[in-house]
Structures are given as C-alpha cells and as structure tokens.
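Chains, contacts and geometry: an overview
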Amino acid sequence: MRFDSPAADRVTALVLFALGAAMSYGGFTMDRLEIRQIHPASIPGLVPMLLGATLMVCAALLALGARGAARPARPSDGGAPGDGPSLANLAFTALWSGVYALALVGTLPFWAATALYVLVFAGWFLIPAAGGGARLRTALLLALFAGGMAVGISALFRFGFLVRLP
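So, a few notes on the structure that sits alongside this text. (Residues numbered from 1 in each chain as written. Predicted model: local features only at pLDDT ≥ 70, side-chain atom pairs only at ≥ 80, totals over all residues. Heavy atoms only, no water.)

**A short note on the environment of G52**
In this fold, G52 is placed in helix α2 (residues 46–65). Its relative accessible area of 0% is what places G52 among the buried residues. Note: C-alpha distance between G52 and S24 (28 residues apart in sequence) is 4.8 Å. Apart from residues lying up to four places away in sequence, G52 is in contact with G20, M23 and S24. (Helix = DSSP H or I, 4+ residues; strand = E, 2+ residues; numbered from the N terminus. Buried < 20%, exposed > 50% of the residue type's maximum accessible area, 1.4 Å probe, protein only. Contact = heavy atoms within 4.5 Å.)

Okay, here's the thing in structure tokens:
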C-alpha cells in the first residue's frame, strides 16, 4: 500500500477545517453566563472557539503545503521507528497515548506523567534518526524539552484554565 501524500494532506486539511469550524460554531452558540453576573470574557465557549479557529488556520496551512510538487510515496508498513509513515509508528502512538491516559495520569503526579510521555514519544521518533554520538546529546536535549513542556503544560492548566490536576 502506498500513500499519495499531497492528496492525503488535502483530505486531512478538509476534515480538520470542518472539525475546527464545528468547534468554533459550537463554542459560539454555547450558553452564556451573563445571567449570573459573570464577566462576558469568561464565556464557557471561548476556549473551544479559539481552538477551533486555530485548527482551521492549521488546516489551511496544511492545504497550502499540499499544493507543492508530489512527494515520493513511502510504504505504509515496516521501517525503523520514526522512519516515515508506518504501522509501527501508528501502533506505538496509539499504545503510548493509551498508557499515558489510562496508566500514567493519576498514578504519577501530572507533571511527571507528562514529562515521561513527551520524553518517550519524542525519543521514539528522534533518537533513532540521530547518528552515533549525537544520540546522547539528542536524549539530553529531549529530557530538557520534556521537563520544560511538563512544567509549561501543568502551569497552563493550573493557573490559566484553573484546573486541579491529579
């Protein structure tokens, strides 16, 4: 099986744009809280509207990128981790995301679960691509990146969205 990347990108962009439009519309039509004397900027639909608009922008950028010359198709299965689209990468992504959601979050502090998730996920795709001595340097940079992302995500949810984290 081979992928036609530009065609797949255009279809994906269309689906993501429709999803973003639905999110924005749903957020806009969500009930307001002005009846309870709550500030209008704290509407419950504000985050879905912003996320939907951002998703539509990203979908438009993906569609624009798909206009370019056709990229060579790669086989859809086999290959090393991180080596183009493969069923192994898809399976790893699904499995590791499930482990994060079902086992890590709640067992470990949120920041530690998130740091571990980002470290292993990014490492799966980046460390095999690094050659020889660059692997250790890549792993160290990934550890710093994962720690920074975990702190940033935790702070965003705790202080920005006022969500109590497990």
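**Overview of the packing of aromatic side chains**
Think of a pair of aromatic rings as described by two things: how far the centres are apart, and how the planes are tilted against each other in angle. This model, assessed by the stated rule, comprises 8 aromatic pairs. Ring centres of Y117 and F121 lie 5.7 Å apart, and the angle between their planes is 25°; on these two criteria the pair is classed as stacked. Here Y117 and its partner F121 are both found in helix α4 (residues 110–126), 4 residues apart, which amounts to about one turn of the helix. Assessed through its relative accessible area of 18%, Y117 is described here as buried. Taken together, the aromatic side chains of F92, W96, Y100, Y117, F121, W124 and F125 make up a single cluster linked through ring pairs. (Phe/Tyr/Trp six-rings, centres within 6.5 Å; stacked < 30°, edge-to-face > 60°.)

**Some points on the environment of F161**
Tracing the chain through its elements places F161 in the segment after α5 (134–160). Residues F161 and V47, 114 residues apart in the sequence, show an inter-C-alpha distance of 9.4 Å. Filtering out sequence-adjacent residues up to four positions away, F161 remains in contact with V47 and L156.

**Some thoughts on a nonpolar patch on the surface**
A grouping of V47, L51, L156, F157, F161 and V163 is seen on the molecular surface, where their side chains present a nonpolar patch of about 470 Å² in accessible area. Mapped onto the nonpolar patch, the elements with two or more residues apiece are α2 and α5. By the secondary structure assignment, L51 is in helix α2. Its relative accessible area of 48% is what places L51 among the partly exposed residues. (Patch = residues over 30% accessible without salt bridge, like charges linked within 9 Å, V, L, I, M, F, W, Y side chains within 5 Å. Areas by Shrake-Rupley, 256 points an atom, 1.4 Å probe, with all protein chains shown as cover. Salt bridge = Lys/Arg side-chain N within 4 Å of Asp/Glu carboxyl O.)

**Topic: the nonpolar core**
Counting residues in hydrophobic clusters, the biggest one holds 10 residues: F92, W96, Y100, L104, F110, A113, Y117, V118, A146 and L165. For this core, the secondary structure elements donating two or more residues are α3 (87–104) and α4. Apart from the residues within four sequence positions on either side, Y100 is in contact with V105, F110, A113, T114 and Y117. (Core = buried A, V, L, I, M, F, W, Y, C linked by side-chain atoms within 4.5 Å.)

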